[in-house]
Amino acid sequence: MSDSTTTLSTDSTPAVGVQGSPDYRDGGLEFPADFVFGSATASYQIEGAVHEDGRGPSIWDTFSHTPGAIWNDDNGDVADDHYHRLDEDLDLMKTLNLQAYRFSIAWPRIQPTGRGPANQAGLAFYSRLIDGLISRGIRPVATLYHWDLPQALEDEGGWAARSTAEAFGEYARIVGEAFGDRIHTWTTLNEPWCSAYLGYGSGAHAPGMTDPLKALRAVHHLNLAHGLAIQALRGVVTNDPEYSVTLNLHVVRGESADAADAVRQIDALGNRAFTGPMLKGAYPADLLADTAEITDWSFVLDGDLAIIHQPLDVLGVNYYSTNLVRIWDGVSPRQNADGHKDVGGSPWPGASRVEFLVQPGPYTEMGWNIEPAGLEELLLSLRDEFPAQPLMITENGAAFDDSVSLAGDVPAVHDADRVDYLRRHLTAAHRALEQGVDLRGYFVWSLMDNFEWGYGYSKRFGIVRVDYDTLERLPKDSAHWYAQLASTNRLPA
Ligand code: IFM
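Residues numbered from 1 in each chain as written. Predicted model: local features only at pLDDT ≥ 70, side-chain atom pairs only at ≥ 80, totals over all residues. Heavy atoms only, no water.

Asks: Summarise the overall build of the protein; cite the residues concerned and give the values.
Replies: If you tally the helices and strands in the protein, you get 15 helices and 16 strands. For 493 residues, the compact-globule estimate of 2.2 N^0.38 gives 23 Å, and the protein sits close to it at 21 Å. Structurally, the protein occupies a C-alpha span of about 60 × 55 × 45 Å along its principal axes. For the protein, the residues scored as buried account for 62% of the 493 residues in total. Taking contacts inside the protein between residues at least 6 apart in sequence as the whole, the part at least 24 apart equals 78%. Counting only carbon and sulfur atoms, one obtains 51% of the accessible surface of the protein, whose full area is about 17000 Å². Taken together, the 36 basic and 68 acidic charged side chains of the protein have centroids lying 2 Å from each other. (Helix = DSSP H or I, 4+ residues; strand = E, 2+ residues; numbered from the N terminus. Rg over C-alpha atoms; globule rule 2.2 N^0.38 Å. Buried < 20%, exposed > 50% of the residue type's maximum accessible area, 1.4 Å probe, protein only. Contact = heavy atoms within 4.5 Å. Areas by Shrake-Rupley, 256 points an atom, 1.4 Å probe, with all protein chains shown as cover. Lys, Arg positive; Asp, Glu negative; His and termini not counted. Charge placed at Lys NZ, Arg CZ, Asp CG, Glu CD.)

Asks: If you had to explain the packing of aromatic side chains to someone new, which residues and values would you point to?
Replies: Scanning all chains against the criterion turns up 36 aromatic pairs. Between Tyr44 and Phe451 the ring centres are 5.4 Å apart and the planes differ by 85°, which places this aromatic pair in the edge-to-face class. Residue Tyr44 is found in helix 1 (residues 43–46), and its partner Phe451 is found in the loop between strand 14 (439–445) and strand 15 (464–466); the two are separated by 407 residues along the sequence. With respect to burial, Tyr44 and Phe451 carry one shared label: buried. Look at Trp107 and Phe168: their rings are 5.4 Å apart centre to centre, the planes differ by 65°, and that puts the pair in the edge-to-face class. (Phe/Tyr/Trp six-rings, centres within 6.5 Å; stacked < 30°, edge-to-face > 60°.)

Asks: Any details on the environment of Asp302? Residues and values, ideally.
Replies: Here Asp302 is to be found in the loop between helix 11 (285–290) and helix 12 (304–308). On the basis of relative accessibility, which here comes to 80%, the residue Asp302 falls in the exposed class. Once the C-alpha coordinates of Asp302 and Arg431 are considered, the two residues, 129 residues apart in sequence, prove to be 42 Å apart.

Asks: Tell me about the pairing of strand 9 (residues 322–327), and please be specific about residues and values.
Replies: For a regular strand, side-chain orientation follows a simple rule: the groups alternate between the two sheet faces. One ladder, built from four bridges, connects strand 7 (residues 251–254) with strand 9; its direction is parallel. If you follow Val251 over to strand 9, its bridge partner there is Thr322. Sheet topology note: the strand 9/strand 10 (residues 354–356) ladder contains three bridges and is antiparallel. Its bridge partner lying in strand 10, Val325 is registered against Phe356. (Pairing = 2+ DSSP bridges.)

Asks: How would you explain the site of the ligand if you had to name every residue and give the values?
Replies: Taken together, the residues surrounding the ligand are Gln45, His146, Trp147, Asn190, Glu191, Tyr320, Trp368, Glu395, Trp445, Glu452, Trp453 and Phe461. Note that an oxygen atom of the ligand is positioned 2.6 Å from one of the side-chain N or O atoms of Glu452. The separation between an oxygen atom of the ligand and a polar side-chain atom of Trp453 is 2.8 Å. Starting from 280 Å² of accessible surface for the ligand in isolation, the protein chains cover 95%. The cavity that encloses the ligand is the largest pocket. Residues that form the shell around the ligand fall into these classes: six nonpolar, three polar and three charged. (Near = heavy atom within 4 Å. Polar contact = N/O pair within 3.5 Å; in protein donor to acceptor, adjacent residues only side chain to side chain. 1 Å grid on protein atoms, 1.4 Å probe; cavity = no way out; pocket = protein on both sides within 12 Å on 5 of 7 lines; lining within 4 Å. Sits in = over half its atoms within 2 Å of the grid points. Nonpolar A, V, L, I, M, F, W, Y, C, P; charged D, E, K, R; others polar.)

Asks: Just give me the short version of the sheet that holds strand 5 (residues 185–190), but keep the residues and values in it.
Replies: Around the barrel, eight strands lie side by side as 2-3-4-5-6-8-11-14; this closed barrel has parallel pairing. Adjacent strand axes in the sheet meet at a mean angle of 25°, parallel and antiparallel pairs treated alike. Bridge analysis of strand 4 (residues 139–145) against strand 5 gives four bridges, and the strand direction is parallel. Bridge pairing in strand 5 places Tyr145 opposite Leu189. Of the strands in this sheet, strand 3 (100–104) and strand 4 are in contact with helix 5 (residues 120–135), which crosses strand 3 at around 170°. Where helix 15 (residues 477–488) meets the sheet, it contacts strand 2 (36–40) and strand 14, and its direction lies at approximately 145° from that of strand 2. (Axes fitted to C-alpha atoms, helices over the stretch in contact; angles between N-to-C directions.)

Asks: Tell me what's going on with the nonpolar core, and back it up with residues and numbers.
Replies: Core analysis: the biggest nonpolar cluster contains 157 residues, and Trp60, Phe103, Tyr145, Trp159, Phe168 and Trp186 have the highest contact counts within it. When residues of this core are assigned to their parent elements, the largest contribution, 12 residues, is made by helix 9 (residues 212–236). When residues no more than four places from it in sequence are discounted, the contact partners of Phe103 are Thr41, Tyr126, Leu129, Ile130, Leu133, Pro140, Val141, Ala142, Thr143 and Ile183. (Core = buried A, V, L, I, M, F, W, Y, C linked by side-chain atoms within 4.5 Å.)

Asks: Any details on the environment of Pro241? Residues and values, ideally.
Replies: Secondary-structure assignment places Pro241 in the loop between helix 9 and strand 6 (242–247). Residue Pro241 is classed as buried on the basis of its relative accessible area, which comes to 9%. Between the alpha carbons of Pro241 and Ile183 there is a distance of 6.5 Å; along the sequence they are 58 residues apart. In this structure Pro241 touches Ile183, His184, Trp186 and Asp313, once residues within four positions along its chain are discounted.

Everything listed is a geometric property; what it means functionally is a separate question.
In structure tokens, the structure reads:
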């Protein structure tokens, strides 16, 4: 399919990727005994209870209540009602043999306006969650920010403003003081690419802006927030946790060798804008050059890069599918199949000459191509680029159009397509392990069906089905399959 592939190269030389992928449908593969199997969720996607116990409004409350912003005008007001069903959900995790649970803390539950003293009821909820995990033998993996910025901070400029990064450092200190005796792994940000480019560039995500300069300012302030948060946590925690960040790194393939510059531009914006400062202490020169007409990056102040460049115990990697690009000829209608909801703006500031081509299927319900070889390719490229950096797959999974069937009176979801997706990506992860990648674990996205951002409740990613009328949970076949994997560390046959 592609003549050139690359991810994460620091220069403009495309790396050779994995070609001619096998079908990856293995069984019986054994993962190392200390390899961790977990599941992931995010606060706004599952909690509901948006007006309870002192929680302040977030940008996603505002955005989801903006008519037309979300499929079916859905919102997270109730979501999976996890806030009220915490014990039931913890028991569910235990029955699924999860070794770790990756959740996010809603900043506006802790600081309703993003500043000021902690809201004790908010802290109490997460304290109960953390204790409930530990008492069930499940490792708590806490993400500080999975997109629910307090609306009051957005009103002061949001991630386009430096003050938001500074406020984030203070928020990290508060939660570090509260939970810094119990969290196993701290993750600062989930997918800052989405926060910056979908939030301020394309407008598909909250706060729904379409301003390339704000998007690039947001990139830097999110990076700075990451560094400030790790510094703050290190200053207050009392156990010996691991520190991480989760990035949705892009596997970018060129349609032909002529597409190398398109690959390079998307790699710079999508990957190296984050890995550069976080893991190398510098923004890539080509990123600065590509975006020079938008900004001179003078918002990067002396000392910022040293703050951002923090040693990480583990780098979280989210992977779903690949991208195929080329340089647009400027004449034919420009293809825009980058996998994100098209609401008018571009999530790729400065890359107006790049087009994203439709890729061969099969596809998930999101329209994303299923390509397990891309995961192997990504892990190998990270190993080559950052040999000393341990990795963790912090999200991987698929939305499919599940249905409930009744055998006798017993409801079931036979989601064979999801089991196949998971099997193939775990085979890819195992192949990377065999090639020496320091991969520590895998988190399936997601524990249960939930609010899929701009797509509302129309896309089901869960291994557990949620009935949105009754809020009942029903483990799908994939949940039973995953539970077997998590209890044996062996890919079921
Ligand atoms: O649901 C999201 C999640 O919040 C972030 N990563 C991708 C998932 C699927 O789109």
